[in-house]
Structure formats: structure tokens, C-alpha cells
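Secondary and tertiary structure notes
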Amino acid sequence: MPAIVLIGAQWGDEGKGKATDLLGGRIDWVVRYQGGSNAGHTVILPNGEKFALRLLPSGILNPGVRNVIGNGVVVEPGVLLAELAGLEERGIDTSQLMVSADAHLVMPYHVAIDKVTERYLGARKIGTTGKGIGPAYQDKVARIGVRVADVLDEKLLHEKVEAALAFKNQVLTKIYNRKGLDPKQVVDELLAQAEQFGPRIANTKLLLNEALERDEWLLLEGSQGTLLDVDHGTYPFVTSSNPTAGYAATGAGIGPTKIRAVFGILKAYTTRVGSGPFPTELHDDMGEFLRKTGGEQGVVTGRDRRCGWFDAPIARYATRVNGITDFFLTKLDVLTGLEKVPVAVGYTINGKRTDELPATQSEFSSAEPVYEELPGWWEDISEVREFDDLPANARAYVQRLEELSGAQISCVGVGPRQDQTIVRHDVLR
Ligand code: GDP
Ligand code: IMO
Ligand code: MG
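Position numbers for residues count from 1 along each chain, tracking the sequence in the order it is written. Working convention: letters from A go to chains and numbers from 1 go to ligands, in the order in which they are written. For this predicted model, a pLDDT threshold of at least 70 governs which residues receive local features, and a threshold of 80 or more governs which side-chain atom pairs are given and counted, while totals over whole chains, interfaces and linings are taken from all residues. Each side-chain value is worked out from all heavy atoms of the structure, with water and hydrogens disregarded.

Per an unreviewed UniProt entry, the recorded name for the chain is Adenylosuccinate synthetase, and the organism is Segniliparus rotundus. UniProt positions are given in the numbering used here, feature names are shortened, and annotations may be inferred rather than shown by experiment. Check the Sequence similarities (unreviewed entry) section of the UniProt entry for the chain; it says "Belongs to the adenylosuccinate synthetase family."

So this is what it looks like as C-alpha cells:
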């Protein structure tokens, strides 16, 4: 029966980990469908325990939930094993984690090439996480990738890695002046890792479709966000996969007709990590206020996130390209204490007003936000659990964002802990 997709509506780090964990208790399966260890999803349990997940689905902390790394993900085995070991050390049962046989592996040469390419690009760099994500997806599309199932066929694995390195070593040594990698060493290391993760390799698309036939709930957890999508984002300053909801079915191996709802995670202001246009970005004390109060540092790279005001055309765009049915507005508490809260309702581009995202990147890069100022609130809202108990101005802020964003705001985050959430409508309806 039903699957629900959970996606980031902005540039990532909207609070997808918290939202997934919140629904986790009522879901049977949580599936990551794209991205890899470039993701950093934070979950903070009601008792304050904090977890930062990179490759593992954020359902892993809920006992009884089965977790799947789907075929659309690129998996770095070292990160996978380290993450599993870290959770097991903290007493979390990870036995329910499966990895799709069709998922691609992030190989050491992908990580090396990601890093040197960025250095080579200099001022034009994307600002990637350096985790080899782009090069791994490039090899997938070029049909020279190594898949998870390949570790079960030693001969094939040797052939693939040797063929890949025959070319990649030329690139590393001759273009970038770096050391090449030894194919035997790469394969031996991978086989040693495969001894540990081998038992988790599964035909996950069969398992997920059988689960749907049994009427179980699937939550397809996106990583990154709409504007980092390689098709729909601020290209070329994007990731190399499709975080948007349309890819969720492909990356999990189910049919799109099984998707009942799309839950968009939306921060009450905007952040972005890495290079690229960002119309509402603040370079002043206000930006610093948001960064400090919101704790806006990257989970994976520790980089400071760029911060700015809420951008309504982005939210509306996300509603359209993902078919969002419900929003989870996170981090409303971070805006507490401001006299006025500006919200971008449109842009001026080349002297002309528009309320929608422009068609070209050059127009978006020169977009000047048109702001509407909403009155702020001073009261601490972190313990509020009913929408009607919020200060009137906080309620009005949420209602105005709902109007501008084009889908109902069903949950509101008032603090980092999973339980610091106001639920207005049940998204699993
Ligand atoms: P993700 O990548 O979308 O899962 O988001 P991240 O975990 O990278 O970043 C979101 C950050 O915001 C984390 O530190 C969360 O603990 C925190 N967070 C999530 N929701 C809220 C909220 O409603 N209020 C506050 N103050 N923090 C939140
Ligand atoms: P979560 O799932 C925020 C950004 C990088 C860079 C661009 C490309 O935690 O929201 P990549 O390493 O993917 O080739 O980098 O995408 N980026 C993210 N920004 N949150 C993420 O994930 C991100 N994953 C990648 O900063 O600008
Ligand atoms: Mg994150």
C-alpha cells in the first residue's frame, strides 16, 4: 500500500533527520533513495541523545523499523561500517539494515578525484563535501561503476577495478600530479570490508514491493534538497543526484503509483553550504545571528552554513517540482527575539518584478529579493506543543509562509529535539 516521500525543500539541512525519526515510530520501513555520505542528518531523542547519520536511514534509531539503503544511493563502505560500529557501540540494534545489491560503491579513487577536481577548479569550485559523490555517480552513468553486488564476485570485481584504474590513474597522475592507486590493494580492502557488510546485501526492491503488498508503510527519506537537485537545482552548484520526489520511486525500486504523500521539510529561514547563488543571503550581523542561534554548521564537513531569510519563491517551486502535500516547518524557535522577520515574496530581476524562480541561472544569480516584513515575537516557544499556544505573531508567520508556499504546514519545529514539534495535521493519513 502506501509510501510517503520526505524531501528537503531548500538547499539541504532542513531537518530531514528529525522529521524521519519523528515518523519512524509509525513506519515499517525507512529507505534512503539517493545521495551518499555527503548527507548529515541529525536526530536528537527526547532524552537529549544526539545522533548524526550520514549513510544510514534516520529510521535506524527506532527499534522494529526496517532500514534500507536503496539502489539509488552511492555507498562508501568505510563510512557504512564506521557508522554501524558507532551506533552499535551506543547500544543501537542495526540488524535491520539492508543494502541494495544494485547500489553503487564510492571507491577510493572517487574520493581522490572529487578532492583534486575541486582544488583544480579554484574559485569556480562547487564546494562539494569531498566524499566522492560526483565521481561515483559519473561512473554509474558512464556504465563503469562498481555495484554492491560486485563484491560477491571476486573475479568480476578485479576486472572492474583494474579497468577503472587503468584510466583513473592516468587522470590522477598525469593531469593532477597525484599518486595513482594500486588495483590489488583497492580490491583487497574492499573484500575485507565486504566480509562485514556482505550479509546485509539484499534484493531490496523485491522486499519493498512485498512490504507494499502487505500494506506496510514505507518512508522514502531524501537527502540534500530540491535546489541541490542535478536537474531542478541551481546547476552547476548542485549535487550529482536527484533528491526531488520524482526520483524516490526509482531510487527505491517501487512504482510511482505507490506514493501517497510528499512531505517537504522547510526551514523557517534559508541556509546553504558550498558555492552558488543565494538571493536572500545575509552578510551582516543578522546572518551571524541565524548561524549562531540555529547552530548552522555542517554535520559532515563542519563548514559554516551560509544563512539568509525565508525565500517564498523557492518554497513554492519546491511544492511544484516535488508535488509536496505537507510541509514540516523547522526551526521556528530560531527566529524568536527578532523585532521584524523579513520574508522574500518575489525578486527584482533586471528591473522587473517576478514572484517565481526564473528560468535561467544567470537571472537567479542577479535576483534581488523583494521583502515583506512580518512582526516578530519574544516569547520562548520551545516548550509549545499546540499551534494555538504559539504567540500570535509566530502563528501569523507560519500562516503567511503556508499561504506563500502552496501546501499546508502540518508540523512546526520549535527546538532540535524530536519531541519539540507541533503537529497540526497527521501526514500519515
Ligand atoms: P538534515 O540534513 O535535513 O537532516 O538536517 P541537519 O541535521 O543537517 O541540520 C538540521 C539541524 O537543525 C540539526 O542540528 C537539527 O538538530 C536542528 N533542528 C531540526 N529541527 C529543529 C527545530 O525545529 N529547531 C531547532 N532549533 N533546531 C532544529
Ligand atoms: P543533507 O542530506 C547541505 C552540497 C555541498 C555542495 C554540493 C555538492 O544533510 O541535507 P557533493 O558532495 O554532494 O558533490 O556537493 O551539495 N551538499 C549539501 N548541502 N546538505 C547536504 O545534505 C548536502 N549534500 C551535499 O555542500 O555545495
Ligand atoms: Mg544535513
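Continuing now.
Glancing now at the domain arrangement of the chain. An automatic or database domain assignment supplies the residue ranges for each domain. On domain assignment, one finds that the chain holds domain 1 (3-101 + 201-263), domain 2 (104-197) and domain 3 (266-423). Each of domain 1 and domain 3 has a C-alpha centre, and the two are 23 Å apart. Only heavy atoms matter for contacts: two residues are in contact if any of them lie within 4.5 Å across the pair. Taken together, the contact between domain 1 and domain 3 spans 36 residues of the former and 41 residues of the latter. Regarding the contact of domain 1 and domain 3, the summed buried area is about 3,100 Å², with carbon and sulfur atoms giving 63% of it. Note on terms: buried area is the combined drop in 1.4 Å-probe accessible area of two parts once they are placed together, counting the loss on both. Counting the surface domain 1 buries against domain 3, the share from its top three residues, Gln-10, Trp-11 and Lys-18, is 23%. Basic side-chain nitrogens of Lys or Arg form a salt bridge, by our definition, when they fall within 4 Å of a carboxyl oxygen of Asp or Glu. Linking domain 1 with domain 3 are one salt bridge, by the criterion used here.

Near ligand 1 you find 20 residues, and of these Lys-16, Gly-17, Gly-40, Thr-42 and Asp-333 are the closest. Two N or O atoms form a polar contact when they lie within 3.5 Å of each other; inside protein one atom must be a possible hydrogen donor and the other a possible acceptor, and for residues adjacent in sequence the pair counts only when both atoms belong to side chains. Note that an oxygen atom of ligand 1 is positioned 2.5 Å from one of the side-chain N or O atoms of Thr-42. Per-residue and other accessible areas follow the Shrake-Rupley method at a 1.4 Å probe size, with only the shown protein chains counted as cover for residues. When ligand 1 sits alone it has 580 Å² of accessible area, and the protein chains cover 93% of it. Secondary-structure elements contributing two or more residues to the shell around ligand 1 are α1 (16-24) and β3 (41-44). Being near a molecule or strand, for a residue, comes down to having at least one heavy atom within 4 Å of it. Each helix corresponds to a stretch of at least 4 residues labelled H or I by DSSP, and each strand to a stretch of at least 2 residues labelled E; elements are numbered beginning at the N terminus.

Let's shift gears to helix α6 (residues 183-197). The span expected for a helix works out to 1.5 Å for each residue beyond the first. Taking 1.5 Å as the rise per residue, α6 with 15 residues should run 21 Å; its terminal C-alpha atoms sit 21 Å apart, in good agreement. Only protein chains enter the area calculation, which uses a 1.4 Å probe; residues under 20% of their type maximum are buried, those over 50% are exposed, and those in between are partly exposed. Among all positions of α6, only Val-186, Val-187, Leu-190, Leu-191, Gln-193, Ala-194 and Phe-197 are buried.

For the structure on display, the rule yields 28 salt bridges. Across the pair Lys-331 and Glu-296 runs a salt bridge whose closest N-O atoms are separated by 2.7 Å. Of this pair, Lys-331 sits in the loop between β15 (326-330) and β16 (340-349) while Glu-296 sits in the loop between α9 (285-293) and β13 (306-308), and the two are 35 residues apart along the sequence. With a relative accessible area of 0%, Glu-296 lands in the buried category. Close ionic contact of Arg-385 with Asp-419 constitutes a salt bridge, the shortest N to O distance being 3.9 Å. With Arg-385 in the loop between β18 (368-375) and α12 (392-405) and Asp-419 in the loop between β19 (408-413) and β20 (421-423), the pair connects residues that are 34 residues apart, well separated along the chain. Each member of the salt-bridge network shares a partner with another, and the members are Asp-13, Lys-267, Glu-296, Arg-305 and Lys-331.

Only Asp-13 (OD) and Gly-40 (O) from the protein coordinate the magnesium ion (ligand 3), and they sit 2.0 to 2.1 Å from it. With Asp-13 in the loop between β1 (3-8) and α1 and Gly-40 in the loop between β2 (29-32) and β3, the pair connects residues that are 27 residues apart, well separated along the chain. Judged by its relative accessible area of 23%, Asp-13 falls in the partly exposed class. Note on Gly-40: relative accessible area 11%, which makes it buried. Metal-coordinating donors are taken as N, O and S atoms lying within 2.8 Å of the metal, or within 3.2 Å when the metal is Na, K or Ca; because water is left out, some sites can appear incomplete.

A separate point is the site of ligand 2. Around ligand 2, 20 residues are found, and the nearest of them are Lys-16, His-41, Thr-129, Gln-224 and Thr-239. Within the side chain of His-41, one N or O atom sits 2.7 Å away from an oxygen atom of ligand 2. Within the backbone of Gly-127, a nitrogen or oxygen atom sits 3.3 Å from an oxygen atom of ligand 2. Taking 550 Å² as the accessible area of ligand 2 by itself, protein coverage stands at 98%. Class assignment for the residues of the shell around ligand 2 results in six nonpolar, 11 polar and three charged. Residues are grouped as follows: Ala, Val, Leu, Ile, Met, Phe, Trp, Tyr, Cys and Pro are nonpolar; Asp, Glu, Lys and Arg are charged; all remaining types, including Gly, are polar.

Right, let's talk about the pairing of β19 for a bit. Along any regular strand, the residues point their side chains to alternate faces of the sheet. By the criterion of burial, β19 is predominantly enclosed, with five of the six residues buried. Whether two strands pair depends on DSSP finding at least two bridges between them. Pairing of β15 with β19 involves four bridges; the strand directions are parallel. Each bridged residue has a counterpart across the sheet, and for Asp-326 the counterpart in β19 is Gln-408. Judged from the three bridges that link them, β19 and β20 form a sheet pairing that is antiparallel. When the bridges of β20 are listed, Cys-411 appears paired with Val-423.

Okay, the environment of Asn-67 next. You can see Asn-67 is positioned in strand β5 (residues 66-69). Distance from Asn-67 to Val-99, taken between C-alpha atoms, is 8.6 Å for residues 32 residues apart in sequence. Non-local contacts of Asn-67, meaning those with residues more than four positions away in its chain, are made with Val-30, Pro-57, Gly-59, Ile-60, Gln-96, Leu-97 and Met-98. Here Gly-59 takes part through its backbone nitrogen, which lies 3.5 Å from a polar atom of the side chain of Asn-67. At a separation of 3.1 Å, a polar atom in the side chain of Asn-67 contacts the main-chain amide nitrogen of Ile-60.

Okay, the pairing of β1 next. Most of β1 sits inside the fold, with six of its six residues counted as buried. Neither face of β1 is exposed, since Ala-3, Val-5 and Ile-7 on one face and Ile-4, Leu-6 and Gly-8 on the opposite face are all buried. With six bridges connecting them, β1 and strand β11 (residues 259-267) associate as parallel partners. When the bridges of β11 are listed, Ile-7 appears paired with Gly-264. In terms of strand pairing, β1 meets strand β10 (residues 218-221) through four bridges, oriented parallel.

Let's shift gears to the nonpolar core. In terms of nonpolar packing, the biggest core is built from 60 residues, with Leu-218, Leu-220, Leu-332, Leu-335 and Tyr-397 touching the most fellow members. It is α12 that provides the largest number of residues to this core, a total of five residues. Discounting residues that sit within four places of it in the chain, Tyr-397 has contacts with Ala-268, Phe-310, Leu-332, Leu-335, Val-341, Val-343, Leu-374 and Trp-377. Among buried residues, the Ala, Val, Leu, Ile, Met, Phe, Trp, Tyr and Cys ones that are joined through side-chain atoms within 4.5 Å form a nonpolar core.

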